[in-house]
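In case you want the letters, here they are:
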Amino acid sequence: MSAIIYSVLPGSFAEKHGITPGMIINKINGEDVNDILEYRFLISERSVKLELETRDGTVKKIRIRNNYEDLGIDFENPLIDKARSCRNKCIFCFIDQLPKGMRDTLYFKDDDSRLSFLHGNYVTLTNMTMEDVKRLAKIRISPINISVQTTNPELRCKMLNNRFAGDLLEKMRYLAKHRITMNCQLVLCPGINDGEEMRKSLYDLAKLFPYAASVSVVPVGITKFREGLYPLEGYTEDTARGVLEIVSELQKEFLESFGSRFVYAGDEFYIKAGYD
């Protein structure tokens, strides 16, 4: 993929230096531009040297003193690179439960750390090697929203149907060590990763506080289009109350221990339980 410029903001540094739509950014400060995160990292310098290619193939070099501001450039492909799709086959995947015949974009399973940073998407980190994780830390991508589900390696591999899903804590510990903030999520499935499994996961994640900044627990979503999928049930009033009992207990403990309730249950659990 190429960093093809789609538009230039009027009055921006880019416009003032003669940068126009259709140009391609080949390098910034001598470094290749592989995706939008590298672009944002590289333009954060006080002085930015751009190597651009014009529509007719001419190479143009521009130096911008940008006061650490955005250059005012939008790209034809907002990520510059191709979006990374999900490699998992989660037992609770909502996209697998969609009816047929809707627009194609609804069926794309993204699992892209860049979309997590830019738009708040949750990612599992299963399509990232440790080298990819180290790159995130190097270019200071923070916060990252992580779909944890469980910190039990064997159970996580089962829930995500991915034998490579069990190294999550190793990656999260590395990010925490390098002061990258993580917002976490547990999609709870009754009798699978709630109860004592949830309690263990929350204690494991609490050890990474404050870089693991919070954990949201939400109930699995069930539709009527689950033909041929893993047998799951939704939460009842009783099972929702069981989740909230543990959440409430740990919130008090975490608040006393390090000043944050840390774990928060989705509204659906309170509605199912009949609570305010």
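Everything below is about the structure shown above.
Residues numbered from 1 in each chain as written. Predicted model: local features only at pLDDT ≥ 70, side-chain atom pairs only at ≥ 80, totals over all residues. Heavy atoms only, no water.

### Structural notes on the side chain of serine 201
Line of reasoning, step 1. As for its placement among the helices and strands, serine 201 is situated in helix H7 (residues 195-206).
Line of reasoning, step 2. Only 3.5 Å separates the side chain of serine 201 from the side chain of threonine 150, close enough to count as a polar contact. (Helix = DSSP H or I, 4+ residues; strand = E, 2+ residues; numbered from the N terminus. Polar contact = N/O pair within 3.5 Å; in protein donor to acceptor, adjacent residues only side chain to side chain.)

### Description of the packing of helix H4 (residues 130-138) against helix H6 (residues 168-177)
Line of reasoning, step 1. Packing of H4 against H6 leaves a shortest axis separation of 10 Å and a crossing angle of 20 degrees. In terms of orientation, H4 lies roughly parallel with respect to H6. Note on packing geometry: the crossing formed by H4 with H6 is right-handed. Taking contact as the criterion, the partners of Met130, Val133, Lys134 and Ala137 in H4 are, on H6, Glu170, Lys171, Tyr174 and Leu175. (Axes fitted to C-alpha atoms, helices over the stretch in contact; angles between N-to-C directions. Parallel < 35°, antiparallel > 145°, perpendicular 65-115°, else oblique. Left-handed = near helix turned anticlockwise from the far one by under 90°. Contact = heavy atoms within 4.5 Å.)

### Things to note about the sheet that holds strand S9 (residues 212-219)
Line of reasoning, step 1. Here four strands make up an open sheet; going across it, the order is S7-S8-S9-S10 and the pairing parallel. Because the sheet does not close on itself, it has two edges, and the strands there are strand S7 (144-147) and strand S10 (263-265). Here the average twist between neighbouring strands, direction ignored, is 20 degrees.
Line of reasoning, step 2. Pairing between strand S8 (residues 182-188) and S9: seven bridges, direction parallel. Paired with cysteine 184 across the bridge in S9 is valine 215.
Line of reasoning, step 3. Those strands touched by H6 are S7 and S8, and its axis lies near 155 degrees from that of S8. (Pairing = 2+ DSSP bridges.)

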